[in-house]
Amino acid sequence: MSELASIGRVAVIGAGTMGNGIAQVCAQAGYTVAVCDVSEAVVAKAKAAVAGSLERMVAKAKLTGEQRDATLARLAWGVPLEAAVGDADVVIEAVPERMDLKLDTFRRIDAAAPAHALLGSNTSSLSITEIASALRDPTRLVGMHFFNPVPVMELLEIVRGLRTSDAHIERAQALAKRIGKTSIVVRDVAGFATSRLGVILGVEAMRMVESGVASAEDIDRAMELGYRHPMGPLKLTDLVGLDVRLAILDHLHRELGEQFRPPALLRQMVRAGKLGKKSGEGFYVWTDEKK
Ligand code: CAA
């Protein structure tokens, strides 16, 4: 196999918080990466976020200046979907968490991607089996659930849809290894392993704020100091995005029951545009990346 063929091409569809992190780690691992998004503004923001993240790594001596430049050179930004996936070996979709959007995106990917390409969906809770129904060959869709911030978090949760083949699970595991992640494989149940557990902590914390048990700051401090969580559940909700958490909760509530009913407070905050770090305010006020 030529060096170029062994290096491989990745297409990332959706350049939001997760998409740009996924593109970054793939480019750092030596893949040539094409990034696609419907919004030019999102692409511009993504490009700046990746440059900032790589700069941070250079400052901490985790990356050399040459490695940063080589990583940036492997990234192509704002490539139309059909062109991005046309010669890809791996396509990773990271569009917002809406089934209709995921299905539409995969219909287009299916029409344009080579037959050998491994297809991944970075969903945090939606059914991989259902998303795969958009494909002529559903065996090649694998759930690839990344964690925010993608360059830092070690886990890749791989989800096996009802028709995903072993061969494609193995390819996803190999990809995880190559981009420096540790993977786990879970069955396709709503919320998989991580969102189901992570979200229940967040939802209980919101209910506690709602009923005045303690302030958001004190609840977070309790879990950071008492349980050694790197970040309390409300700060984490701000990092993930309140709109993202609400979409996950709405889905888990429908699929798994009452314990996941979204708190009224969360819905109101999303309606008010308080989406967390990305909008500047959630349970905290954020300025320049700092709480
Ligand atoms: N790019 C590169 N490096 C980064 C980075 C980025 N975007 N963000 C943080 N870092 C690095 C920092 O440079 C720092 O490096 P050193 O250890 O060498 O100093 C390190 O990560 C820690 O960062 P900070 O010192 O700035 O701050 P911190 O110690 O508070 O860590 C954190 C920040 C990594 C975000 C940490 O608080 C954490 O792990 N929080 C929990 C995150 C989490 O649970 N994520 C999962 C969310 S759920 C999800 O994403 C899935 C979903 O489905 C929605």
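Calculation criteria
- Residues numbered from 1 in each chain as written.
- Predicted model: local features only at pLDDT ≥ 70, side-chain atom pairs only at ≥ 80, totals over all residues.
- Heavy atoms only, no water.
- Helix = DSSP H or I, 4+ residues; strand = E, 2+ residues; numbered from the N terminus.
- Rg over C-alpha atoms; globule rule 2.2 N^0.38 Å.
- Buried < 20%, exposed > 50% of the residue type's maximum accessible area, 1.4 Å probe, protein only.
- Contact = heavy atoms within 4.5 Å.
- Areas by Shrake-Rupley, 256 points an atom, 1.4 Å probe, with all protein chains shown as cover.
- Domains from an automatic or database assignment.
- Buried area = accessible area lost by both parts, 1.4 Å probe.
- Salt bridge = Lys/Arg side-chain N within 4 Å of Asp/Glu carboxyl O.
- Polar contact = N/O pair within 3.5 Å; in protein donor to acceptor, adjacent residues only side chain to side chain.
- Phe/Tyr/Trp six-rings, centres within 6.5 Å; stacked < 30°, edge-to-face > 60°.
- Lys NZ or Arg CZ within 6 Å of the ring centre and 35° of its normal.
- Expected span 1.5 Å × (residues − 1).
- Arc of directions from axis to C-beta.
- Near = heavy atom within 4 Å.
- Nonpolar A, V, L, I, M, F, W, Y, C, P; charged D, E, K, R; others polar.
- Core = buried A, V, L, I, M, F, W, Y, C linked by side-chain atoms within 4.5 Å.

Draft legend 1. Representation of the overall build of the chain within the structure. Along the backbone of the chain there are 13 helices and 8 strands. Computed over C-alpha atoms, the radius of gyration of the chain comes to 19 Å, within 12% of the 19 Å expected from 2.2 N^0.38 for 291 residues, which places it in the range of a compact globule. Dimensions of the chain along its principal axes, counting C-alpha atoms only, are 60 × 45 × 35 Å. By residue count, 47% of the 291 residues in the chain fall in the buried class. Considering only intrachain contacts with a sequence separation of at least 6, the fraction spanning at least 24 residues in the chain is 67%. Carbon and sulfur atoms provide 55% of the accessible area of the chain, an area that totals close to 14,000 Å².

Draft legend 2. Up close: the environment of Glu 217. Its location among the elements puts Glu 217 in helix 10 (residues 216-226). With 66 residues separating them along the chain, Glu 217 and Phe 283 place their C-alpha atoms 8.6 Å apart.

Draft legend 3. Quick peek at the domain arrangement of the chain. When cut into domains, the chain gives domain 1 (9-187) and domain 2 (195-271). The distance between the C-alpha centroids of domain 1 and domain 2 comes to 26 Å. Across the contact, 8 residues belong to domain 1 and 7 residues belong to domain 2. At the boundary of domain 1 with domain 2, total buried surface from both sides reaches about 560 Å², with 56% on carbon and sulfur atoms. When the buried surface of domain 1 facing domain 2 is broken down by residue, Ser 124, Ser 125 and Asn 148 rank first, second and third, together holding 63% of it. At the boundary of domain 1 with domain 2, the tally comes to 0 salt bridges. Our count for the domain 1 to domain 2 interface comes out at 3 residue pairs in polar contact (both at pLDDT 80 or more).

Draft legend 4. Quick peek at the packing of aromatic side chains. Applying the stated rule across the entire model yields 0 aromatic pairs. Directly above the aromatic system of Tyr 31 lies the positively charged group of Arg 178, at a separation of 3.9 Å from the ring centroid.

Draft legend 5. Quick look at helix 8 (residues 166-178). Compared with an ideal rise of 1.5 Å per residue, which puts 13 residues at 18 Å, helix 8 spans 18 Å between its outermost C-alpha atoms and is within 8% of the ideal. Within the sequence span of helix 8, burial applies to His 168, Ile 169, Ala 172, Leu 175 and Ala 176. Projected down its long axis, helix 8 carries its buried residues within an arc of 120°, all on one side. For helix 8, exposure combined with an orientation more than 90 degrees from the buried face picks out Glu 170 and Lys 177. Among the structural elements, strand 4 (90-93), strand 5 (118-121), strand 6 (141-145), strand 7 (155-160) and strand 8 (182-187) are those in contact with the buried residues of helix 8. One or two residues past the end of helix 8 sits Gly 180, with phi positive at roughly 80°.

Draft legend 6. Spatial organisation of the site of the ligand. The environment of the ligand is formed by 18 residues, the closest being Ser 53, Arg 56, Lys 60, His 145 and Asn 148. At a separation of 3.5 Å, an oxygen atom of the ligand approaches a polar side-chain atom of Ser 124. Taken by itself the ligand offers 1,000 Å² of open surface, and the protein chains cover 68% of this. Only helix 3 (40-59) and helix 11 (233-240) provide two or more residues apiece to the shell around the ligand. Along the lines of polarity and charge, the residues of the shell around the ligand split into 11 nonpolar, 4 polar and 3 charged. Both of domain 1 (9-187) and domain 2 (195-271) provide at least three residues apiece to the shell around the ligand.

Draft legend 7. Local environment of helix 6 (residues 99-112). For helix 6, with 14 residues, the first-to-last C-alpha span of 20 Å sits near the 20 Å given by 1.5 Å per residue. Here helix 6 has its buried residues at Met 99, Lys 102, Leu 103, Thr 105, Phe 106, Ile 109 and Asp 110. Summarising the axial view, the buried residues of helix 6 lie within an arc of 165°, below the 170-degree limit, and thus occupy one face. Packing partners of the buried residues in helix 6 comprise strand 1 (9-13), helix 5 (81-86), strand 4, strand 5, helix 7 (128-131) and strand 6.

Draft legend 8. Quick peek at the nonpolar core. Ile 22, Val 33, Ile 92, Met 144 and Phe 146 are the most contacted members of the largest nonpolar core, which totals 35 residues. Of all the secondary-structure elements, those providing two or more residues to this core are strand 1, helix 2 (17-28), strand 2 (32-36), helix 3, strand 4, strand 6, strand 7 and helix 8. The biggest single contributor to this core is helix 2, with 6 residues. The contact partners of Met 144, leaving out residues within four places of it in the chain, are Val 90, Ile 92, Leu 118, Gly 120, Ser 121, Asn 122, Thr 123, Leu 156, Glu 157, Ala 172 and Leu 175. Counting residues in hydrophobic clusters, the runner-up holds 28 residues, among them Val 85, Leu 119, Leu 126 and Ala 134.

Draft legend 9. Quick peek at unusual backbone geometry. A cis amide bond links Asn 148 to the next residue, Pro 149, at an omega of 0°. Here Pro 149 is to be found in the loop between strand 6 and strand 7. Phi angles above zero are rare outside glycine, and Ala 61 is one such case at about 60°. Position of Ala 61 among the secondary structure elements: in the loop between helix 3 and helix 4 (65-73).

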